[in-house]
Structure formats: structure tokens, C-alpha cells
Amino acid sequence: MAGPGPSKKPSLRVERQLQRAGHRLLAGMDEVGRGALAGPVSVGVVVIDETVRSAPTGVKDSKLLTERARKGLVPRIKRWSITHAVGHAAPEEIDSIGIMAALRLAGLRALAAIDVVPDLVILDGNHDWLTAPYDVGLLAFVEGATPATPPVTTMIKADLKCSSVAAASVLAKVERDELMIRLGVEHPAYGWSLNKGYAAPEHMDALARLGPCDLHRRSWRLPGVYVEGTVLLPEEVLNEGTVDLATSYATADETETAVR
């Protein structure tokens, strides 16, 4: 009779292996908001060492949790970790340097906000967007981009496997969601209290009718933006580098499941 399969809940198994290999101080890091049309891209970081016990019950990838559950976990994650932070890169910075460089900028800001230097950073996915490129280019002139980058290891689905990364995703999502709700008070037509800046139907409809505001990522092709004298309609819109918005109307959580 076959034994039980591997646990579907995040654990510290990977972190403990890395600590035994000499990386005592580990930072789990994850981003949210990559696929949004408005607002910042945000990066959470949670640092643990070998003395930290199992994560609070319920910690998992933020996309798998309800809003209420995420908010309830925040104070428990903050008490559990050695230190933690969330960094942001604003829409105008995304427009200026591109989404991948903006991810790095937000990650560096998160690292600059903690009072330790991790021995290793665990990133979700298979691409190291945190490590400085050979040619720094515009990033060299962006305020807040000065901290040296610690060593990085990437892992596909790290937010489903590593408690530290899952915890970082929760902190980042809760902080960014709350920020978008506050910003939505100033721009109520776009429905950010519901969609958090993602390509939900009410957001797309408002963009097509009103065009973008100063908190939209204007370098992306959005409805209501003039291109060579023509207003783009929703069915013509393509969120460059992410998903075809014409066929991907969804709630904020559903959109994040595909693109973060």
C-alpha cells in the first residue's frame, strides 16, 4: 500500500536544508502586483534563522487564502519571523525602468528596511529578478537602489513549498491591497477596493470610458490611451509581457493566480 504523498502545505523543510548547508539567516521573498494595471508592484521579505519554529498555522501562498485569513495572519507572521518588510515600486518607476527592474527596486527597498543581511534569499519562480544585472543602467540613478544584493536561490512554486516565502507573499499582498483600497478612495470609478488594480471588468470598463489616471502604468497599452490618434478599445488591449486582457477579465485574486 502506497504511503502518504508529500504535504501540500508549506513547511520549513527546504529552509532547514539550506541552513544545514551553511545559510543560517534565510530570507523568503515574494512579489505581488506584477500583472496589475495600476498601483505599485510590491515585494515582501520574511527572515528566519535556525531558532525559528514552524510557521503559524494557516500560512500558505496568499492567493490560496481569503482576505480575512490573510489579514489575521499578518501579526502572527510578524511575531514569528526574525524581521520582515515590504518594499514597493511606484507606477511611474515601472514606466521608467520596466517591470522586471521595478521588481528588483521593490525587493531592494524591502531588504533595506530590515536590520539584518540575509545569507541567502529564496525567490519564487525560476528567474532571479533580484540580483543586479551586469549593466545596471537606469537603476544606478534610482533613489533607494543602493543596497548590495545577497546571494539568491530560485525555486519554482516556492510559495507553495517554503513557509518563509509563503509568509512573505501574505505580508506583501495585505499591504498592497490596503494601499490600493486607500488609493481607490481618490479614484472611485476604477473599483480598486474590489479589484486592487487588476484587469477586472469594472476596471476595464472605467479605463475605456475615462482613460488612465496618474496611478496607472501608462507605458502599458491600456483602454482609453491614445495610440497614433486612436483610442484603444478593450478588445484591442494587450498587457505587454503578461496576459491578453481581452480574454482574461477576472477578479483580483483570480488574476493573481495566473500572473503576479
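Attention here is on the structure that accompanies the text. (Residues numbered from 1 in each chain as written. Predicted model: local features only at pLDDT ≥ 70, side-chain atom pairs only at ≥ 80, totals over all residues. Heavy atoms only, no water.)

### Re the overall build of the protein
Step number 1: The secondary structure content of the protein amounts to nine helices and seven strands.
Step number 2: Scored against the burial criterion, the 260 residues of the protein give a buried share of 51%.
Step number 3: When contacts within the protein are restricted to residue pairs at least 6 apart in sequence, those whose partners lie at least 24 apart make up 72%. (Helix = DSSP H or I, 4+ residues; strand = E, 2+ residues; numbered from the N terminus. Buried < 20%, exposed > 50% of the residue type's maximum accessible area, 1.4 Å probe, protein only. Contact = heavy atoms within 4.5 Å.)

### Digging into the pairing of strand β3 (residues 83-89)
Step number 1: Most of β3 sits out of view: five of its seven residues are buried.
Step number 2: Here strand β2 (residues 41-48) pairs with β3 via seven bridges, running antiparallel. Of the residues in β3, the one forming a bridge with Ser-42 is His-88. (Pairing = 2+ DSSP bridges.)

### A closer look at the packing of aromatic side chains
Step number 1: Summed over the entire model, instances satisfying the criterion amount to one aromatic pair.
Step number 2: Where Tyr-190 meets Trp-192, the ring centres are 5.5 Å apart and the plane angle is 20°; that geometry is what we call stacked. (Phe/Tyr/Trp six-rings, centres within 6.5 Å; stacked < 30°, edge-to-face > 60°.)

### Digging into the side chain of Glu-15
Step number 1: By secondary structure assignment, the location of Glu-15 is in helix α1 (residues 13-20).
Step number 2: One buried charge, Glu-15, has no salt-bridge partner; the nearest side chain with opposite charge is Arg-16, at 7.5 Å.
Step number 3: Those residues in contact with Glu-15 that sit more than four places away from it in its chain are Leu-26, Ile-48, Ile-122, Cys-162, Ser-163, Ser-164 and Val-165. (Lys, Arg positive; Asp, Glu negative; His and termini not counted. Salt bridge = Lys/Arg side-chain N within 4 Å of Asp/Glu carboxyl O.)

### Observations concerning the environment of Thr-154
Step number 1: You can see Thr-154 is positioned in strand β5 (residues 152-155).
Step number 2: In this structure Thr-154 comes out as partly exposed when scored by relative accessible area, which is 32%.
Step number 3: When near neighbours in sequence (up to four residues on either side) are disregarded, Thr-154 contacts Leu-123, Gly-125, Asn-126, His-127 and Asp-128.

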